[in-house]
Amino acid sequence: MQEWLGKISSDFSQTFLEEDRWMQFLKGLGITLEVAFLALVLGLVIGIIIAMIRSAHDQRRSQKKGPGSVILNIANGICVVYLTVIRGTPMMVQLLIMYFVIFASSQNEVIIAILAFGINSGAYVAEIVRSGIMSVDAGQMEAGRSLGLNYKQTMRCIVIPQAFKNALPALGNEMITLLKDTSLVTVIGLKDLTKTAMIVQSRTYQAFMPFIGIAIVYLVIVMILAKVLSIVERRLRTGDKR
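Conventions used here
- Residues numbered from 1 in each chain as written.
- Predicted model: local features only at pLDDT ≥ 70, side-chain atom pairs only at ≥ 80, totals over all residues.
- Heavy atoms only, no water.
- Helix = DSSP H or I, 4+ residues; strand = E, 2+ residues; numbered from the N terminus.
- Expected span 1.5 Å × (residues − 1).
- Bend = angle between axes of the 7 residues up to and from the residue.
- Buried < 20%, exposed > 50% of the residue type's maximum accessible area, 1.4 Å probe, protein only.
- Core = buried A, V, L, I, M, F, W, Y, C linked by side-chain atoms within 4.5 Å.
- Contact = heavy atoms within 4.5 Å.
- Axes fitted to C-alpha atoms, helices over the stretch in contact; angles between N-to-C directions.
- Parallel < 35°, antiparallel > 145°, perpendicular 65-115°, else oblique.
- Left-handed = near helix turned anticlockwise from the far one by under 90°.
- Nonpolar A, V, L, I, M, F, W, Y, C, P; charged D, E, K, R; others polar.
- Phe/Tyr/Trp six-rings, centres within 6.5 Å; stacked < 30°, edge-to-face > 60°.
- Salt bridge = Lys/Arg side-chain N within 4 Å of Asp/Glu carboxyl O.

Novice: What is the right way to look at helix H5 (residues 109-135) in this model?
Specialist: For the α-helix, the turn length of 3.6 residues means that residues three or four positions removed from each other point alike. Compared with an ideal rise of 1.5 Å per residue, which puts 27 residues at 39 Å, H5 spans 39 Å between its outermost C-alpha atoms and is within 8% of the ideal. Along H5, the sharpest kink reaches roughly 25°, centred on Gly-122. The element H5 is extensively covered by neighbouring structure, given that 20 of its 27 residues are classed as buried.

Novice: Is there a simple way to explain the nonpolar core in this structure?
Specialist: Within the largest apolar cluster, 18 residues are counted, with the highest numbers of intra-cluster contacts made by Val-35, Leu-95, Ala-113, Phe-117, Val-185, Ile-188 and Leu-190. Mapped onto this core, the elements with two or more residues apiece are helix H2 (21-60), helix H4 (91-102) and H5. Counting residues per element, this core draws most heavily on H5, at six residues. Not counting residues up to four positions away in its chain, the partners in contact with Val-185 are Leu-95, Ala-113, Phe-117, Leu-190 and Asp-192.

Novice: How do you make sense of the packing of H5 against helix H7 (residues 151-181) when you look at a structure like this?
Specialist: H7 packs onto H5 with a crossing angle of 140° between their chain directions and a minimal axis gap of 8 Å. When the axes of H5 and H7 are compared, the pair comes out oblique. Considering only the axes of H5 and H7, their crossing is right-handed. Of H7, the residues touching H5 (which contributes Phe-117, Ser-121, Tyr-124, Val-125, Ile-128, Val-129, Gly-132, Ile-133 and Ser-135) are Met-155, Val-159, Ile-160, Ala-163, Asn-166, Ala-167, Ala-170, Leu-171, Glu-174, Leu-178 and Asp-181. Of the residues contributing to the contact of H5 with H7, the split by class is 14 nonpolar, four polar and two charged.

Novice: Could you clarify how one ought to interpret the packing of aromatic side chains in this entry?
Specialist: By convention here, two paired aromatic rings are described through the distance between centres and the angle between planes. Counted by the stated rule, this structure contains two aromatic pairs. Measuring from ring centre to ring centre gives 5.0 Å for Phe-16 and Phe-25, while their planes differ by 45°; the resulting arrangement is tilted. Considering the side-chain rings of Tyr-99 and Phe-100, the 4.8 Å spacing of their centres and the 85° angle between planes classify their relative orientation as edge-to-face. The class for Tyr-99 is buried, based on a relative accessible area of 14%.

Novice: Honestly, the side chain of Thr-15 in this entry has me stumped. Any pointers?
Specialist: Within the fold, Thr-15 resides in helix H1 (residues 2-17). Residues within four places of Thr-15 in sequence aside, it is in contact with Arg-21, Phe-25, Val-200, Met-209 and Pro-210.

Novice: What should I look at first to understand the environment of Ala-75 in this one?
Specialist: Among the secondary structure elements, Ala-75 is positioned in helix H3 (residues 67-88). Taking relative accessible area as the criterion, Ala-75 reaches 23% and is therefore assigned partly exposed.

Novice: How should I be thinking about unusual backbone geometry in this particular structure?
Specialist: Outside of glycine, negative phi angles account for most residues, and trans bonds account for most peptide bonds. Unlike most non-glycine residues, Tyr-205 shows phi in positive territory, near 60°. If you trace the backbone, Tyr-205 turns up in the loop between helix H8 (193-204) and helix H9 (208-241).

Novice: How do you make sense of the pattern of salt bridges when you look at a structure like this?
Specialist: It is possible for side chains bearing opposite charge to pair when their charged atoms get close. For the coordinates displayed, the defined rule picks out four salt bridges. Notably, a salt bridge pairs Arg-54 with Glu-127, separated by 3.4 Å at the nearest N-O pair. Linking Arg-54 in helix H2 with Glu-127 in helix H5, this pair joins segments that are 73 residues apart in sequence. Taken as a pair, Arg-54 and Glu-127 share a single burial class, namely buried. Notably, a salt bridge pairs Arg-130 with Asp-58, separated by 2.8 Å at the nearest N-O pair. On the criterion of sequence distance, the pair formed by Arg-130 in helix H5 and Asp-58 in helix H2 is long-range, its members being 72 residues apart. By relative accessible area, Arg-130 is classed as buried at 15%. Members of the salt-bridge network, linked through shared partners, are Arg-54, Asp-58, Arg-87, Glu-127 and Arg-130.

Dropping the structure here:
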């Protein structure tokens, strides 16, 4: 037992303390959080726009076609293609295409990773938000229009806030999944938390401590996010009861 504890202590020292390697892990964590947060913001923007377009198309599908309907049909068709391609191909393949094909001349791995993950997340957020919009009673839209609001104003002020509340659990799961998926950026050489662990392992020849260490870090972050989401959901439910 004492020998095992001594080995663990030695591995910990080699992995985190020698050559101030803990600072490398801290920097890698910062890159991981930066990519995850900015990609989530981009995904939310893309997802909400697409959800609004597809929801508007669904609502007007049975109405008489006109110039506005033609434009909406084209926009909806583009959205369907985007959703089909992004949701039908692996995240790693999309990241590799973004890095080696679309932005082959760029060396800014952080921006490329944010764009790749943000575009990927947007496809899933779009369907989550769209399902949230569909869960809002149709009378809410009619009430907003009766108050003199146009379609965009009604969506922004009445429907989207309620849809967001309904979709919050699924959005929370998407956020957690996105955070964990950022470990894939190692394939383009970005020194995130996972890449840092791989570099340290190659120098110390100790795999247990660096990989178990980052697993614990990911677990702690996910637990914190899950707790925060749980608190937000509880407060929203409390607000509905008042």
